[in-house]
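Geometric and topological summary
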Amino acid sequence: MPAVFNPARRLDEALQSAAASAGLPAADFAPEVRPADAQHGDFQANGVLPFAKRHRLTPRVLANQLVAALPADVLTDCTVTVAGPGFINFTLRTGALAAWLQDFGTREALAAGAAAGPLAGQIWLVDYSSPNTAKQMHVGHLRSAVIGEAIARLLAFGGARVIRDNHIGDWGTQFGKLIWAYRRHLDAAALARDPLEEFERLYKAGNAASEADPAVLKEAQQELVKLQAGDADNLAVWRHINEVSLAAFQEIYDRLGIRFDLTLGESFYNDKVSAVYRELTAADLAAESQGALVVFHPEHPRFKTQPFIIRKSDGAANYATTDLATILHRTEALHTDGVLYVVGKPQADHFEQLFLTAKKWFEKTGRTLPRLAHVDFGTVLGENGKALKTRTGDNIKLKELLAEAEARAFTLVSEKSGALPDAERRAIASVVGIGSVQYADLAQNRSSDYVFAWDKMLALDGNTAAYLLYAVARIHSIFRKAGATPGDAAAEAGASALETPAELALARKLVKFPDAVQAATAQLRPHFLCLYLFELAGEYSSFNTADKVLVDDPPVRARRLLLCARTLLILETGLGLLGLRTLQRM
RNA sequence: GCGGUGGUAGCUCAGGCGGAUAGAGCAACGGUUUUCUAAACCGUCGGUCGCGGGUUCGAGUCCCGCCCACCGCGCCA
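The present account deals with the structure reproduced in this document. In this convention, every chain numbers its residues from 1, walking through the sequence in written order. Here the convention is simple: chains get letters from A, ligands get numbers from 1, in the order in which they are written. Whole-chain, interface and lining totals are the exception, using all residues; otherwise, since this is a predicted model, local features are given only for residues with pLDDT of at least 70 and side-chain atom pairs are given and counted only at 80 or more. The side-chain quantities take in all heavy atoms of the structure and omit both hydrogens and water.

Thoughts on unusual backbone geometry
Here the phi dihedral of Ser 130 falls at roughly 50°; this positive angle occurs in a residue that is not glycine. Working definition: helices are DSSP H or I runs of at least four residues, strands are E runs of at least two. Numbering for both runs from the N terminus. Here Ser 130 lies in the loop between β5 (123–127) and α7 (142–157). Residue class for Ser 130 comes out partly exposed when judged on its relative accessible area of 24%. Note on classification: 1.4 Å probe, protein chains only; a residue is buried when its accessible area is under 20% of the maximum for its type, exposed when over 50%, partly exposed between these limits.

Set out below in C-alpha cells:
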C-alpha cells in the first residue's frame, strides 16, 4: 500500500471514520491532528477534548473508544497512545517513515501529492505588486511582491490554477504634468539609462513649472483632458511611458523570480466603470451624497456613516470604482473561484467596504461572487520604529535596496569563501542577498509590521536565508565528495533501516513537510513554511554533526545518503515555493 | 471622538478552533574540529504572556474594563 502524502490528514480522516464506526456523533468531530512536540510522538489529536465537552463525555474514555475503533492499517503504521486529559498521540513506526521517504522521493511525487488537495481544479487570482507607472518601485512595494509571489506558488503547488495579475496604477492625474514635461524636456540619453529616474525628473519638472506658472498648469490640465478624451498623440506618449515603466519593473521582478500572467491596470477598466455606476444605482446601493456617488452600509457600525465613494464629485472614477469593475471582470471573464489582494494593512477598511459592496451587488444581480480575501501585511519599519525611509526622508528605491543586499552578501561571501572565483562569489552573493531580503520578509507573520535590519537579515545563524542555503550547499558538497547525484537510486540501494536518534529525528521532520505546506497555504501565511524549513535545516545540521554520511559500511552509507537526498529535495522544494533560488556551493 | 491592529525572555519574534511543563533565534556564559563546508553542533542562563476582573476541567488564546503604541476614518491609491 502506498504511503499517504500528508500523514496528519490521513490520521484526521482515520479518527473521523473511527468515530462513525464507534457509533459516535461524528458529524461535528474535528480531530485536529497536528504535529506534536517530539516528547509526545509525531502527531497528536487535539480535537478529542472539545468533542467530549460538547457531548458531555469523559475525555479519556472517548479517546480509548476512538483508538479501539481505528482502522487496522493505522495501527500497522503507528503506535497509538492516549495521554494526559485525553490526547491521542501517534508515533510513526520506522517502516512507515521509510515507506514515505521511498514514495515521495522526487519533486514530481511531492507535487502530485500536494496537488491532490482541496484547491485542485480551482482558479485563484493573486493581485499583487501593483506599482504605479512612471515611478520607481520603492521599499513600500517589497512586501506585496515577495508575499504575493510566495502565495501564488503555494496555491499552484496545492493544485490551483493560479493567475498572477499586476494591477498597475497607469491612469492617474499625474499624467497631465508628466506629458507636458515629456514633450518639452525629455532627455533621451537619461531615458535610455534609467527610464523611471527620467520620468520622475520630468514629473517633478512639470509639477514645479505648474506651480510657478498658472499658464503651464492650464496646459498640463489640457494634456490630461486630451489623454482622457482619447487624443492619439497623448495616448502614444502615455503608452510609451507605460511600456518603458513595465520593462523597468520587470528588471526588479526578474531578480525576485516574478512573472505575471496578466498586467491589467486601471486603464483597462476605463470603459467598464459606467456599468458599475449604473448597476449599483439601479440596485439601490449607491446614492448621491455631497456631489459624489457613494455606498453606505446601514447595518455596519462604521460604514453606515463612513462612505465608500465610487464616483468623485468631479465625475471621475477612483480606485473603488475600478476595484468593483475589476471584480466583475475577474468573475465573468476569468471565472475565478477566489481572488486574493496582497495589499498592506492600512487599506483594510477599503477592502472591507469593497467586499461588502460587491457581495450585495452580486446578490441583487443574481451573480455568484468568488471568494475574496484581503491578504494584508504590516509596514516595513526602520530601526527607529517608523516607516523605513532614507536619511533624507525619501522612499528607499527597491533596485538600490536589492543592490545593497547583493553588495553586503558579496562582502560576506568573500570573507567566508575567498578562494572561490570572483564571478562565482558574485553569483552566490546574488542568491544569498536577494534571498535574505525575501526570507526576512516571509519568515515573520505577514500581518505584523517588521523591522528591516541588514545585520539580522544577513546573519549566518538563526532563522535566515543564509542558514537554510548553507544546509543545502553542505548536502550538495557531500554528494560531490561521494561522486553521486542526489536522489540517484544507485546511491541509495541496499539502505538499511534508520537507526540512530539523529537519523530518526530527521526522518520524522521530513514527513511533516506536507502539513507545513498545508498550514501555510490554508492560512495564506508563508511563515509556517519558513519555520518548518528552519527546523528541518536544524535537524539536518544536528544529524550532519552526529552521524558521518560517507562511512565505509555500504548499507549505513546508503541510508544516510537517502536522508541527505530527501532533505535536499524538501529544502529546495520549500525554498522554491517561497520564491528563493538555491545554491550548490557557497 | 469612533474604529482597527498590536503589547509574550535584555533584543527580534513564534504560539493553527481554548489544550500537555509558554517556545525559537540573537545577545551572555561554558563546551565541541586529525573526520563529508565550524556560515556548524551541544549545553547553561533567562518569563507577573501590558494591568485588573470574568467564563471553565483547562486561558498567552475567549468576554468586560483600563493603560500604552501604531494605523485608518469624504472625494490619493
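Considering helix α15 (residues 348–364)
Expected span of a helix: the number of residues minus one, times 1.5 Å. Along its 17 residues, α15 runs 24 Å from first to last C-alpha, staying within 8% of the 24 Å computed at 1.5 Å per residue. Among the residues making up α15, those that are buried are His 350, Phe 351, Gln 353, Leu 354, Phe 355, Leu 356, Thr 357, Ala 358, Lys 360, Trp 361 and Phe 362. Tucked inside the fold, the buried residues of α15 contact α13 (273–282), β8 (292–295), β9 (308–311), α14 (319–332), β10 (338–342) and β11 (371–375). Looking one or two residues beyond α15, the residue adopting positive phi is Gly 366, at roughly 70°. Note on contacts: a residue pair qualifies if any of its non-hydrogen atoms lie within 4.5 Å across the two residues.

Observations regarding the sheet that holds β11
The criterion for strand pairing is that DSSP finds at least two bridges linking the strands in question. Taken in spatial order, the 4 strands make up an open sheet running β6-β5-β10-β11, and their pairing is parallel. The sheet terminates laterally at β6 (161–165) and β11, the two strands that pair on one side only. Averaged over all adjacent pairs, the angle separating strand axes in this sheet is 20°, with direction ignored. Here β10 pairs with β11 via 5 bridges, running parallel. If you follow Tyr 341 over to β11, its bridge partner there is His 374. Here the axes come from fitting lines to C-alpha atoms, over the contacting stretch only for helices, and the angles between their N-to-C directions go from 0 to 180 degrees. The strands touched by α7 within the sheet are β5, β6, β10 and β11, with β6 carrying the most contacts at an inclination of about 160°. Contacting β10 and β11, α15 runs over the sheet at an angle of about 175° to β11.

Digging into the protein's contact with RNA strand B
Think of it this way: one heavy atom of a residue within 4 Å of a molecule or strand is enough to make that residue near it. Every one of the 64 residues lining RNA strand B counts as a neighbour, but Phe 87, Lys 456, Tyr 470, Arg 474 and Ser 477 are closest to it. Here a polar contact is taken to be a pair of N or O atoms separated by no more than 3.5 Å, where protein atoms must pair a possible hydrogen donor with a possible acceptor and residues adjacent in sequence count only if both atoms sit in side chains. Measuring from a phosphate oxygen of RNA strand B, one finds a side-chain N or O atom of His 527 at 2.8 Å. The separation between a phosphate oxygen of RNA strand B and a polar side-chain atom of Ser 542 is 2.7 Å. Elements represented by at least two residues in the surface near RNA strand B include exactly α2 (48–54), β4 (87–92), β8, α19 (465–482), α22 (513–522) and α23 (527–546).

Section: the pattern of salt bridges
A side chain of one charge can pair with a side chain of the opposite charge when the charged atoms of the two come close. Whenever Lys or Arg places a side-chain nitrogen within 4 Å of a carboxyl oxygen from Asp or Glu, that contact is recorded as a salt bridge. Enumeration over the complete set of coordinates arrives at 40 salt bridges. Of the charged contacts, one joins Arg 10 and Asp 73 as a salt bridge, the two residues approaching to 3.0 Å between their closest N and O atoms. Separated by 63 residues along the polypeptide, Arg 10 in helix α1 (residues 7–21) and Asp 73 in helix α4 (residues 72–77) bring together distant segments of the chain. Among the salt bridges present, the one from Arg 566 reaches Glu 492, with a minimum N-O distance of 3.0 Å. Remark: Glu 492 occurs in helix α20 (residues 489–492) and Arg 566 occurs in helix α24 (residues 554–578); sequence separation between them is 74 residues. A single salt-bridge network, built from bridges that share partners, covers Glu 499, Glu 503, Asp 547, Arg 559 and Arg 560.

This is a description of form; function is not addressed.
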